[in-house]
Amino acid sequence: VDAARIAPHVARATLTFGVRVLARSPRARPSSSASPRVISERVRAARLNPPPPRLPRRSNLKADRSMAAMASSATAVASAVRASSSLRSREKTGISFTAAKARRGRARVVSVSAAAAQKPWKTSDCRLVLEDGSVWNGQSFGAKGTALGEVVFNTSMSGYQEILTDPSYAGQFVLFTCPEIGNVGINVEDMESTKAHMGGMLVRHLSLNVSNYRSSQSLPEYLEQQNVIGISDVDTRAITRRLRDTGCLNGVITTESDKTDEELVAMARDWTIVGKDMISTVSCSEPYEWTDPTGEEWEWAAAAKASKKGSLHVVAYDFGVKHNIMRRLAAFGCRITVVPATMPAAEVLALKPDGVLFSNGPGDPSAVPYAVDNAKEILGKLPVFGICMGHQVLGQAFGGETFKLKFGHHGGNHPVRGPTGAVEISSQNHNFAVDPKTLPADVEVTHVNLNDGTCAGMIYPALKAMTIQYHPEASPGPHDSDGSFETFVEMMKAGK
(Lines give C-alpha, C1' and ligand atoms only; values in the text may rest on other atoms or scores of the structure.)
Protein backbone atom coordinates (compact mmCIF):
# COMPACT_ATOMS: atom_id res chain seq x y z
CA VAL A 1 0.00 0.00 0.00
CA ASP A 2 1.34 3.47 -0.89
CA ALA A 3 0.90 5.64 2.22
CA ALA A 4 0.92 8.87 0.18
CA ARG A 5 -2.12 7.76 -1.80
CA ILE A 6 -4.17 6.73 1.22
CA ALA A 7 -3.04 9.45 3.62
CA PRO A 8 -6.31 11.49 3.42
CA HIS A 9 -8.23 8.38 4.43
CA VAL A 10 -5.72 7.57 7.16
CA ALA A 11 -6.24 11.03 8.64
CA ARG A 12 -9.88 10.18 9.27
CA ALA A 13 -9.09 6.78 10.71
CA THR A 14 -8.30 5.93 14.29
CA LEU A 15 -4.78 6.21 15.61
CA THR A 16 -4.52 2.46 15.84
CA PHE A 17 -5.47 2.05 12.20
CA GLY A 18 -3.02 4.76 11.30
CA VAL A 19 -0.20 3.01 13.09
CA ARG A 20 -0.97 -0.24 11.25
CA VAL A 21 -0.97 1.38 7.81
CA LEU A 22 1.88 3.79 8.31
CA ALA A 23 4.04 1.08 9.77
CA ARG A 24 3.90 -0.53 6.32
CA SER A 25 4.62 2.73 4.49
CA PRO A 26 8.23 3.37 3.44
CA ARG A 27 7.57 7.11 3.78
CA ALA A 28 6.40 7.04 7.40
CA ARG A 29 8.11 3.94 8.81
CA PRO A 30 10.00 4.84 12.00
CA SER A 31 13.51 3.64 12.62
CA SER A 32 14.01 0.64 14.81
CA SER A 33 15.90 2.76 17.34
CA ALA A 34 13.09 5.30 17.85
CA SER A 35 11.29 5.33 21.18
CA PRO A 36 7.52 4.71 21.43
CA ARG A 37 6.98 8.36 22.21
CA VAL A 38 8.82 9.47 19.07
CA ILE A 39 6.83 6.97 17.02
CA SER A 40 3.56 8.33 18.40
CA GLU A 41 4.55 11.91 17.60
CA ARG A 42 5.54 10.99 14.04
CA VAL A 43 2.27 9.22 13.48
CA ARG A 44 0.32 12.19 14.85
CA ALA A 45 2.28 14.55 12.60
CA ALA A 46 1.57 12.38 9.59
CA ARG A 47 -2.14 12.47 10.40
CA LEU A 48 -2.28 16.24 10.82
CA ASN A 49 0.00 17.12 7.87
CA PRO A 50 -0.35 14.46 5.24
CA PRO A 51 1.95 14.80 2.22
CA PRO A 52 0.30 15.77 -1.09
CA PRO A 53 -1.03 12.79 -3.03
CA ARG A 54 1.15 11.50 -5.79
CA LEU A 55 -0.57 11.23 -9.17
CA PRO A 56 -0.25 7.82 -10.77
CA ARG A 57 1.67 7.44 -13.96
CA ARG A 58 -0.39 7.72 -17.08
CA SER A 59 0.35 4.13 -18.02
CA ASN A 60 -1.06 2.93 -14.68
CA LEU A 61 -4.42 4.74 -14.81
CA LYS A 62 -6.19 1.84 -16.53
CA ALA A 63 -4.67 -0.70 -14.12
CA ASP A 64 -5.68 1.41 -11.11
CA ARG A 65 -9.24 1.70 -12.37
CA SER A 66 -9.34 -2.04 -12.99
CA MET A 67 -8.07 -2.75 -9.49
CA ALA A 68 -10.66 -0.40 -8.03
CA ALA A 69 -13.40 -2.14 -9.99
CA MET A 70 -12.17 -5.53 -8.82
CA ALA A 71 -12.15 -4.36 -5.22
CA SER A 72 -15.68 -3.01 -5.59
CA SER A 73 -16.84 -6.35 -7.10
CA ALA A 74 -15.15 -8.32 -4.33
CA THR A 75 -16.90 -6.17 -1.72
CA ALA A 76 -20.25 -6.70 -3.43
CA VAL A 77 -19.72 -10.47 -3.61
CA ALA A 78 -18.73 -10.63 0.05
CA SER A 79 -21.83 -8.67 1.00
CA ALA A 80 -24.02 -10.98 -1.08
CA VAL A 81 -22.50 -14.07 0.53
CA ARG A 82 -23.09 -12.67 4.01
CA ALA A 83 -26.66 -11.73 3.12
CA SER A 84 -27.32 -15.16 1.55
CA SER A 85 -25.95 -16.95 4.62
CA SER A 86 -28.09 -14.81 6.88
CA LEU A 87 -31.15 -15.39 4.69
CA ARG A 88 -30.70 -19.16 4.71
CA SER A 89 -30.49 -19.22 8.50
CA ARG A 90 -33.74 -17.26 8.76
CA GLU A 91 -35.71 -18.51 5.76
CA LYS A 92 -37.89 -20.82 7.89
CA THR A 93 -39.08 -17.94 10.15
CA GLY A 94 -40.56 -15.82 7.35
CA ILE A 95 -39.74 -12.70 9.44
CA SER A 96 -38.39 -9.50 7.90
CA PHE A 97 -35.31 -7.94 9.37
CA THR A 98 -33.62 -4.54 8.97
CA ALA A 99 -29.99 -4.00 8.09
CA ALA A 100 -28.86 -0.42 8.70
CA LYS A 101 -26.45 1.27 6.35
CA ALA A 102 -24.16 3.07 8.77
CA ARG A 103 -22.22 5.18 6.25
CA ARG A 104 -25.14 6.76 4.44
CA GLY A 105 -27.58 6.57 7.29
CA ARG A 106 -30.18 4.73 5.25
CA ALA A 107 -31.98 1.50 6.25
CA ARG A 108 -32.65 -1.39 3.98
CA VAL A 109 -35.51 -3.78 4.70
CA VAL A 110 -35.13 -7.26 3.23
CA SER A 111 -37.93 -9.79 3.19
CA VAL A 112 -36.51 -13.21 4.01
CA SER A 113 -39.51 -15.11 2.65
CA ALA A 114 -39.35 -13.25 -0.68
CA ALA A 115 -35.64 -13.87 -1.01
CA ALA A 116 -36.13 -17.57 -0.25
CA ALA A 117 -38.72 -17.81 -3.02
CA GLN A 118 -36.19 -16.46 -5.52
CA LYS A 119 -33.30 -18.80 -4.80
CA PRO A 120 -30.91 -19.07 -7.77
CA TRP A 121 -30.35 -22.78 -7.02
CA LYS A 122 -32.81 -25.66 -7.46
CA THR A 123 -33.68 -27.60 -4.33
CA SER A 124 -34.32 -31.34 -4.07
CA ASP A 125 -37.85 -31.87 -5.32
CA CYS A 126 -37.83 -35.55 -6.26
CA ARG A 127 -37.43 -38.88 -4.46
CA LEU A 128 -36.44 -42.38 -5.46
CA VAL A 129 -37.76 -44.86 -2.90
CA LEU A 130 -36.67 -48.51 -3.16
CA GLU A 131 -38.46 -51.55 -1.79
CA ASP A 132 -35.62 -52.12 0.70
CA GLY A 133 -36.68 -48.88 2.44
CA SER A 134 -33.87 -46.63 1.20
CA VAL A 135 -34.78 -43.10 0.10
CA TRP A 136 -32.70 -41.06 -2.36
CA ASN A 137 -33.42 -37.35 -2.76
CA GLY A 138 -32.59 -35.55 -5.99
CA GLN A 139 -33.69 -33.01 -8.54
CA SER A 140 -36.39 -33.75 -11.08
CA PHE A 141 -36.27 -33.20 -14.82
CA GLY A 142 -38.76 -34.14 -17.50
CA ALA A 143 -42.27 -35.02 -16.39
CA LYS A 144 -43.82 -34.62 -12.94
CA GLY A 145 -45.83 -37.14 -10.95
CA THR A 146 -45.25 -40.65 -9.62
CA ALA A 147 -43.98 -43.74 -11.48
CA LEU A 148 -43.40 -47.36 -10.44
CA GLY A 149 -40.93 -49.83 -11.95
CA GLU A 150 -38.01 -52.20 -11.59
CA VAL A 151 -34.64 -50.44 -11.15
CA VAL A 152 -31.76 -51.72 -13.30
CA PHE A 153 -28.36 -50.19 -14.06
CA ASN A 154 -26.84 -49.75 -17.51
CA THR A 155 -23.07 -49.46 -17.98
CA SER A 156 -23.08 -47.98 -21.50
CA MET A 157 -20.94 -44.89 -21.95
CA SER A 158 -23.02 -43.61 -24.87
CA GLY A 159 -26.38 -44.15 -26.56
CA TYR A 160 -28.76 -42.93 -23.86
CA GLN A 161 -31.32 -42.02 -26.54
CA GLU A 162 -31.31 -45.55 -27.97
CA ILE A 163 -31.73 -46.94 -24.45
CA LEU A 164 -34.53 -44.49 -23.69
CA THR A 165 -36.52 -45.54 -26.77
CA ASP A 166 -35.78 -49.30 -26.56
CA PRO A 167 -39.13 -51.08 -25.93
CA SER A 168 -37.28 -53.78 -23.95
CA TYR A 169 -37.04 -51.29 -21.05
CA ALA A 170 -40.81 -51.02 -20.59
CA GLY A 171 -41.66 -51.34 -16.91
CA GLN A 172 -38.13 -50.45 -15.78
CA PHE A 173 -36.21 -47.49 -14.38
CA VAL A 174 -32.75 -47.22 -15.92
CA LEU A 175 -29.87 -45.99 -13.78
CA PHE A 176 -26.92 -44.82 -15.90
CA THR A 177 -23.49 -45.51 -14.45
CA CYS A 178 -22.04 -42.98 -16.91
CA PRO A 179 -21.81 -39.87 -14.70
CA GLU A 180 -23.08 -37.27 -17.19
CA ILE A 181 -26.16 -37.72 -19.36
CA GLY A 182 -27.89 -35.35 -21.80
CA ASN A 183 -24.87 -33.65 -23.36
CA VAL A 184 -25.85 -34.45 -26.97
CA GLY A 185 -29.58 -33.82 -26.60
CA ILE A 186 -32.15 -35.73 -28.66
CA ASN A 187 -32.25 -36.21 -32.44
CA VAL A 188 -34.83 -37.85 -34.71
CA GLU A 189 -32.41 -40.23 -36.44
CA ASP A 190 -31.36 -42.36 -33.46
CA MET A 191 -34.79 -43.42 -32.21
CA GLU A 192 -35.21 -47.18 -31.69
CA SER A 193 -39.00 -46.83 -31.66
CA THR A 194 -41.62 -44.12 -31.97
CA LYS A 195 -41.65 -43.22 -28.25
CA ALA A 196 -39.83 -43.51 -24.93
CA HIS A 197 -40.61 -46.76 -23.11
CA MET A 198 -38.62 -46.74 -19.86
CA GLY A 199 -40.54 -45.75 -16.77
CA GLY A 200 -37.90 -43.45 -15.32
CA MET A 201 -34.33 -42.19 -15.81
CA LEU A 202 -31.78 -42.01 -12.98
CA VAL A 203 -28.57 -40.01 -13.53
CA ARG A 204 -25.75 -38.58 -11.44
CA HIS A 205 -25.46 -35.34 -13.36
CA LEU A 206 -27.74 -33.90 -16.02
CA SER A 207 -25.67 -31.93 -18.52
CA LEU A 208 -26.39 -28.21 -18.42
CA ASN A 209 -25.43 -27.76 -22.07
CA VAL A 210 -26.41 -29.56 -25.28
CA SER A 211 -23.78 -29.71 -28.00
CA ASN A 212 -24.42 -31.82 -31.10
CA TYR A 213 -25.06 -30.82 -34.69
CA ARG A 214 -27.98 -33.27 -35.02
CA SER A 215 -29.75 -32.33 -31.78
CA SER A 216 -33.29 -31.04 -32.14
CA GLN A 217 -34.25 -30.75 -28.45
CA SER A 218 -32.86 -31.27 -24.97
CA LEU A 219 -33.29 -34.42 -22.92
CA PRO A 220 -35.54 -32.77 -20.27
CA GLU A 221 -37.78 -31.39 -23.03
CA TYR A 222 -38.12 -34.84 -24.60
CA LEU A 223 -38.85 -36.56 -21.29
CA GLU A 224 -41.53 -34.02 -20.46
CA GLN A 225 -43.05 -34.55 -23.89
CA GLN A 226 -43.01 -38.34 -23.38
CA ASN A 227 -44.27 -38.17 -19.78
CA VAL A 228 -41.15 -39.83 -18.35
CA ILE A 229 -39.80 -38.74 -14.96
CA GLY A 230 -36.08 -38.16 -14.54
CA ILE A 231 -34.13 -37.70 -11.31
CA SER A 232 -30.58 -36.32 -11.10
CA ASP A 233 -28.04 -35.58 -8.36
CA VAL A 234 -28.44 -38.99 -6.75
CA ASP A 235 -25.53 -41.24 -5.80
CA THR A 236 -25.70 -43.61 -8.76
CA ARG A 237 -22.56 -45.45 -7.67
CA ALA A 238 -24.04 -46.33 -4.28
CA ILE A 239 -27.34 -47.43 -5.84
CA THR A 240 -25.48 -49.58 -8.40
CA ARG A 241 -23.52 -51.32 -5.65
CA ARG A 242 -26.78 -51.95 -3.80
CA LEU A 243 -28.35 -53.51 -6.91
CA ARG A 244 -25.30 -55.70 -7.49
CA ASP A 245 -25.42 -56.94 -3.90
CA THR A 246 -29.16 -57.44 -3.49
CA GLY A 247 -30.33 -57.86 -7.10
CA CYS A 248 -32.88 -55.76 -8.97
CA LEU A 249 -35.17 -53.74 -6.72
CA ASN A 250 -38.57 -52.27 -7.38
CA GLY A 251 -38.78 -48.54 -6.86
CA VAL A 252 -40.95 -45.44 -7.00
CA ILE A 253 -39.95 -42.06 -8.40
CA THR A 254 -42.14 -39.17 -7.29
CA THR A 255 -42.24 -35.39 -7.33
CA GLU A 256 -45.33 -35.35 -5.11
CA SER A 257 -44.43 -34.16 -1.61
CA ASP A 258 -47.73 -35.25 -0.05
CA LYS A 259 -46.81 -38.96 -0.33
CA THR A 260 -44.90 -40.31 2.67
CA ASP A 261 -41.82 -42.49 2.37
CA GLU A 262 -43.69 -45.34 4.05
CA GLU A 263 -46.49 -45.18 1.44
CA LEU A 264 -43.96 -45.27 -1.39
CA VAL A 265 -42.08 -48.23 0.10
CA ALA A 266 -45.36 -50.14 0.34
CA MET A 267 -46.12 -49.34 -3.32
CA ALA A 268 -42.72 -50.68 -4.40
CA ARG A 269 -43.10 -53.88 -2.39
CA ASP A 270 -46.56 -54.61 -3.77
CA TRP A 271 -45.43 -54.47 -7.43
CA THR A 272 -43.50 -57.02 -9.52
CA ILE A 273 -42.52 -57.44 -13.15
CA VAL A 274 -42.27 -61.24 -12.88
CA GLY A 275 -45.24 -62.92 -14.52
CA LYS A 276 -46.44 -59.72 -16.24
CA ASP A 277 -47.11 -59.72 -19.98
CA MET A 278 -45.13 -56.60 -20.93
CA ILE A 279 -44.98 -57.53 -24.63
CA SER A 280 -48.64 -56.70 -25.19
CA THR A 281 -47.96 -53.11 -24.02
CA VAL A 282 -45.34 -52.42 -26.70
CA SER A 283 -46.35 -54.58 -29.69
CA CYS A 284 -47.99 -53.10 -32.77
CA SER A 285 -51.74 -53.57 -33.22
CA GLU A 286 -51.73 -54.05 -37.01
CA PRO A 287 -49.19 -55.48 -39.52
CA TYR A 288 -47.01 -53.05 -41.46
CA GLU A 289 -44.14 -53.13 -43.95
CA TRP A 290 -40.57 -52.00 -43.32
CA THR A 291 -38.12 -51.38 -46.19
CA ASP A 292 -35.68 -48.71 -44.91
CA PRO A 293 -32.09 -50.02 -44.66
CA THR A 294 -29.20 -48.61 -42.68
CA GLY A 295 -28.24 -45.18 -44.00
CA GLU A 296 -25.57 -45.28 -46.70
CA GLU A 297 -23.21 -43.10 -44.65
CA TRP A 298 -23.43 -45.58 -41.76
CA GLU A 299 -23.17 -48.85 -43.70
CA TRP A 300 -19.97 -50.84 -43.13
CA ALA A 301 -20.76 -54.46 -44.09
CA ALA A 302 -19.53 -55.50 -47.53
CA ALA A 303 -22.15 -58.29 -47.71
CA ALA A 304 -24.93 -55.77 -47.07
CA LYS A 305 -23.64 -53.42 -49.75
CA ALA A 306 -23.56 -56.29 -52.27
CA SER A 307 -27.01 -57.68 -51.42
CA LYS A 308 -29.98 -57.51 -53.75
CA LYS A 309 -32.66 -55.37 -52.20
CA GLY A 310 -36.01 -57.04 -51.53
CA SER A 311 -34.81 -60.50 -52.50
CA LEU A 312 -36.00 -62.11 -49.24
CA HIS A 313 -39.22 -61.76 -47.27
CA VAL A 314 -39.06 -61.86 -43.47
CA VAL A 315 -42.00 -61.77 -41.07
CA ALA A 316 -41.01 -60.17 -37.77
CA TYR A 317 -43.01 -60.87 -34.63
CA ASP A 318 -43.14 -57.55 -32.82
CA PHE A 319 -42.38 -58.26 -29.17
CA GLY A 320 -40.95 -54.72 -28.99
CA VAL A 321 -38.75 -54.77 -32.06
CA LYS A 322 -36.06 -52.09 -32.38
CA HIS A 323 -35.85 -50.06 -35.57
CA ASN A 324 -32.21 -50.89 -36.11
CA ILE A 325 -32.92 -54.64 -36.22
CA MET A 326 -35.19 -54.01 -39.18
CA ARG A 327 -32.69 -51.61 -40.75
CA ARG A 328 -30.00 -54.30 -40.62
CA LEU A 329 -32.27 -56.94 -42.15
CA ALA A 330 -33.28 -54.50 -44.88
CA ALA A 331 -29.61 -53.67 -45.49
CA PHE A 332 -28.98 -57.38 -46.20
CA GLY A 333 -31.71 -57.40 -48.85
CA CYS A 334 -34.79 -58.32 -46.80
CA ARG A 335 -38.30 -56.98 -47.08
CA ILE A 336 -39.89 -57.06 -43.64
CA THR A 337 -43.52 -57.50 -42.62
CA VAL A 338 -43.95 -56.64 -38.95
CA VAL A 339 -46.88 -58.38 -37.25
CA PRO A 340 -48.43 -58.18 -33.76
CA ALA A 341 -47.08 -60.50 -31.08
CA THR A 342 -50.42 -62.32 -30.87
CA MET A 343 -50.84 -63.11 -34.59
CA PRO A 344 -51.49 -66.87 -34.97
CA ALA A 345 -48.75 -68.92 -36.62
CA ALA A 346 -51.15 -70.05 -39.38
CA GLU A 347 -51.61 -66.44 -40.52
CA VAL A 348 -47.86 -65.86 -40.50
CA LEU A 349 -47.24 -68.97 -42.62
CA ALA A 350 -49.96 -67.81 -45.03
CA LEU A 351 -47.79 -64.77 -45.84
CA LYS A 352 -45.26 -67.22 -47.34
CA PRO A 353 -42.12 -65.65 -45.87
CA ASP A 354 -38.60 -66.92 -46.39
CA GLY A 355 -37.94 -66.69 -42.66
CA VAL A 356 -39.42 -65.54 -39.35
CA LEU A 357 -37.83 -63.22 -36.80
CA PHE A 358 -38.79 -63.38 -33.12
CA SER A 359 -37.74 -59.95 -31.89
CA ASN A 360 -36.51 -58.43 -28.65
CA GLY A 361 -38.98 -57.32 -26.02
CA PRO A 362 -39.56 -56.56 -22.33
CA GLY A 363 -40.47 -58.66 -19.34
CA ASP A 364 -40.77 -62.32 -18.44
CA PRO A 365 -40.89 -64.88 -21.30
CA SER A 366 -42.93 -67.23 -19.09
CA ALA A 367 -45.72 -64.64 -19.07
CA VAL A 368 -46.31 -64.93 -22.84
CA PRO A 369 -47.26 -68.58 -23.53
CA TYR A 370 -49.04 -67.53 -26.74
CA ALA A 371 -45.67 -66.49 -28.21
CA VAL A 372 -44.13 -69.85 -27.28
CA ASP A 373 -47.04 -71.73 -28.85
CA ASN A 374 -46.71 -69.79 -32.12
CA ALA A 375 -42.98 -70.53 -32.19
CA LYS A 376 -43.62 -74.26 -31.75
CA GLU A 377 -45.94 -74.27 -34.77
CA ILE A 378 -43.43 -72.48 -37.00
CA LEU A 379 -40.28 -74.39 -35.97
CA GLY A 380 -39.07 -76.78 -38.64
CA LYS A 381 -41.18 -75.21 -41.41
CA LEU A 382 -39.14 -72.07 -41.99
CA PRO A 383 -35.76 -70.68 -40.90
CA VAL A 384 -36.23 -68.69 -37.68
CA PHE A 385 -34.04 -66.19 -35.84
CA GLY A 386 -34.59 -65.12 -32.21
CA ILE A 387 -33.06 -62.02 -30.65
CA CYS A 388 -33.13 -61.28 -26.90
CA MET A 389 -36.77 -62.03 -25.88
CA GLY A 390 -37.05 -64.05 -29.10
CA HIS A 391 -34.06 -66.11 -27.92
CA GLN A 392 -35.86 -66.89 -24.65
CA VAL A 393 -39.18 -67.66 -26.37
CA LEU A 394 -37.47 -70.08 -28.76
CA GLY A 395 -35.58 -71.60 -25.83
CA GLN A 396 -38.90 -72.48 -24.22
CA ALA A 397 -40.26 -73.66 -27.57
CA PHE A 398 -37.24 -76.01 -27.85
CA GLY A 399 -38.31 -77.54 -24.54
CA GLY A 400 -36.01 -75.58 -22.21
CA GLU A 401 -36.68 -73.32 -19.24
CA THR A 402 -35.81 -69.72 -18.39
CA PHE A 403 -34.86 -68.08 -15.11
CA LYS A 404 -34.44 -64.55 -13.75
CA LEU A 405 -30.92 -63.17 -13.40
CA LYS A 406 -29.84 -61.44 -10.21
CA PHE A 407 -29.42 -57.98 -11.74
CA GLY A 408 -29.53 -58.70 -15.47
CA HIS A 409 -27.21 -57.73 -18.31
CA HIS A 410 -27.54 -54.10 -19.36
CA GLY A 411 -24.70 -52.37 -21.17
CA GLY A 412 -22.54 -52.09 -24.25
CA ASN A 413 -19.39 -53.93 -23.17
CA HIS A 414 -20.33 -57.57 -22.46
CA PRO A 415 -17.83 -60.16 -23.77
CA VAL A 416 -19.31 -63.20 -25.53
CA ARG A 417 -17.39 -66.22 -26.86
CA GLY A 418 -18.78 -67.49 -30.16
CA PRO A 419 -18.65 -70.92 -31.84
CA THR A 420 -15.20 -70.28 -33.37
CA GLY A 421 -13.71 -69.22 -30.05
CA ALA A 422 -13.58 -65.57 -31.08
CA VAL A 423 -14.81 -63.09 -28.47
CA GLU A 424 -17.36 -60.42 -29.38
CA ILE A 425 -17.94 -57.21 -27.43
CA SER A 426 -21.72 -57.06 -27.34
CA SER A 427 -24.60 -54.81 -26.31
CA GLN A 428 -27.05 -56.53 -23.96
CA ASN A 429 -30.33 -55.78 -22.24
CA HIS A 430 -32.21 -58.60 -20.52
CA ASN A 431 -33.15 -59.81 -17.06
CA PHE A 432 -33.93 -63.45 -17.95
CA ALA A 433 -31.80 -66.24 -19.42
CA VAL A 434 -32.20 -69.75 -20.86
CA ASP A 435 -31.08 -72.61 -18.64
CA PRO A 436 -28.83 -74.76 -20.92
CA LYS A 437 -29.22 -77.79 -18.65
CA THR A 438 -32.91 -78.03 -19.59
CA LEU A 439 -32.38 -77.98 -23.38
CA PRO A 440 -32.70 -81.07 -25.60
CA ALA A 441 -29.48 -82.79 -26.67
CA ASP A 442 -29.91 -81.63 -30.28
CA VAL A 443 -29.68 -77.96 -29.26
CA GLU A 444 -26.16 -76.56 -29.35
CA VAL A 445 -25.17 -73.61 -27.14
CA THR A 446 -23.02 -71.59 -29.52
CA HIS A 447 -22.41 -68.41 -27.53
CA VAL A 448 -21.49 -67.96 -23.87
CA ASN A 449 -21.43 -64.77 -21.82
CA LEU A 450 -17.92 -64.62 -20.37
CA ASN A 451 -18.98 -62.51 -17.39
CA ASP A 452 -21.19 -65.16 -15.78
CA GLY A 453 -21.19 -68.16 -18.14
CA THR A 454 -24.86 -67.86 -19.12
CA CYS A 455 -26.23 -69.02 -22.47
CA ALA A 456 -25.93 -66.23 -25.05
CA GLY A 457 -26.80 -68.07 -28.29
CA MET A 458 -28.13 -71.38 -29.65
CA ILE A 459 -28.71 -73.27 -32.87
CA TYR A 460 -31.13 -76.14 -33.52
CA PRO A 461 -30.06 -77.43 -36.95
CA ALA A 462 -32.89 -79.97 -37.26
CA LEU A 463 -35.49 -77.19 -36.86
CA LYS A 464 -33.56 -74.52 -38.86
CA ALA A 465 -33.40 -72.22 -35.84
CA MET A 466 -30.75 -69.84 -34.50
CA THR A 467 -30.87 -67.46 -31.53
CA ILE A 468 -28.82 -64.68 -29.96
CA GLN A 469 -29.42 -63.42 -26.41
CA TYR A 470 -27.85 -60.01 -27.04
CA HIS A 471 -28.30 -57.28 -29.67
CA PRO A 472 -26.39 -57.86 -32.93
CA GLU A 473 -27.86 -54.69 -34.43
CA ALA A 474 -26.38 -52.45 -31.73
CA SER A 475 -22.99 -50.89 -32.42
CA PRO A 476 -21.55 -49.36 -29.25
CA GLY A 477 -18.24 -48.94 -31.09
CA PRO A 478 -17.45 -52.42 -32.46
CA HIS A 479 -19.64 -54.23 -35.00
CA ASP A 480 -18.62 -57.68 -33.80
CA SER A 481 -22.12 -59.18 -33.72
CA ASP A 482 -23.43 -57.91 -37.04
CA GLY A 483 -22.50 -61.18 -38.76
CA SER A 484 -25.54 -62.85 -37.18
CA PHE A 485 -27.77 -61.16 -39.77
CA GLU A 486 -25.61 -62.47 -42.59
CA THR A 487 -25.84 -66.00 -41.11
CA PHE A 488 -29.64 -65.78 -40.97
CA VAL A 489 -29.77 -64.52 -44.57
CA GLU A 490 -27.62 -67.44 -45.73
CA MET A 491 -29.91 -69.85 -43.85
CA MET A 492 -32.96 -68.41 -45.66
CA LYS A 493 -31.22 -68.61 -49.05
CA ALA A 494 -30.34 -72.26 -48.41
CA GLY A 495 -33.98 -73.02 -47.55
CA LYS A 496 -35.45 -71.54 -50.75
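In what follows, the structure referred to is the one given above.
Calculation rules
- Residues numbered from 1 in each chain as written.
- Predicted model: local features only at pLDDT ≥ 70, side-chain atom pairs only at ≥ 80, totals over all residues.
- Heavy atoms only, no water.
- Phe/Tyr/Trp six-rings, centres within 6.5 Å; stacked < 30°, edge-to-face > 60°.
- Helix = DSSP H or I, 4+ residues; strand = E, 2+ residues; numbered from the N terminus.
- Buried < 20%, exposed > 50% of the residue type's maximum accessible area, 1.4 Å probe, protein only.
- Lys NZ or Arg CZ within 6 Å of the ring centre and 35° of its normal.
- Patch = residues over 30% accessible without salt bridge, like charges linked within 9 Å, V, L, I, M, F, W, Y side chains within 5 Å.
- Areas by Shrake-Rupley, 256 points an atom, 1.4 Å probe, with all protein chains shown as cover.
- Salt bridge = Lys/Arg side-chain N within 4 Å of Asp/Glu carboxyl O.
- Arc of directions from axis to C-beta.
- Contact = heavy atoms within 4.5 Å.

Enquirer: Honestly, the packing of aromatic side chains in this entry has me stumped. Any pointers?
Expert: Any pair of aromatic rings gets described here by the distance separating the centres and the angle formed by the planes. Scanning all chains against the criterion turns up seven aromatic pairs. Taking the centre distance of 5.6 Å and the plane angle of 35° together, the rings of Phe-153 and Phe-407 count as tilted. One end of the pair, Phe-153, is in strand β5 (residues 146–154); the other, Phe-407, is in strand β17 (residues 401–417), and 254 residues separate them in sequence. On the basis of an interplanar angle of 25° and a centroid distance of 6.1 Å, the ring pair of Tyr-317 and Phe-319 is categorised as stacked. As far as the burial class goes, Tyr-317 and Phe-319 line up, both buried. Among the aromatic residues, ring-to-ring pairing joins Tyr-317, Phe-319 and Phe-358 into one connected group. Arg-328 extends its terminal NZ or CZ atom over the ring of Trp-300, reaching a point 4.4 Å from the ring centre. The ring centre of Phe-432 lies 6.0 Å from the NZ or CZ of Lys-404, which sits over that ring.

Enquirer: Got a minute to help me understand a nonpolar patch on the surface in this structure?
Expert: Residues Val-423, Ile-425 and Leu-450 make up a contiguous nonpolar surface patch of roughly 220 Å² in combined accessible area. Within the fold, Val-423 resides in strand β18 (residues 423–435).

Enquirer: Looking at this structure, I do not really get unusual backbone geometry. What am I missing?
Expert: Most peptide bonds are trans, and most residues other than glycine sit at a negative phi. Positive phi, normally seen in glycine, also occurs at Lys-352, with a value near 55°. Tracing the backbone shows Lys-352 in the loop between α12 (345–350) and β15 (355–358). With a relative accessible area of 68%, Lys-352 lands in the exposed category. Its identity as a non-glycine residue notwithstanding, Lys-464 has a phi of 55°, on the positive side. Position of Lys-464 among the secondary structure elements: in the loop between β20 (455–460) and β21 (465–468).

Enquirer: Whenever I open this one, helix α7 (residues 219–226) confuses me. Can you help?
Expert: Side chains three or four residues apart in an α-helix point the same way, a direct result of the helix having 3.6 residues per turn. Listed in full, the buried residues belonging to α7 are Leu-219, Tyr-222 and Leu-223. For α7, the angular spread of the buried residues around the axis is 100°, confining them to a single face. Turned more than 90 degrees from where α7 packs its buried face, Glu-224 and Gln-225 sit exposed. Where α7 is buried, its residues touch β4 (135–142), α6 (160–164), β7 (180–181), β8 (200–202), β9 (205–206) and β10 (229–232).

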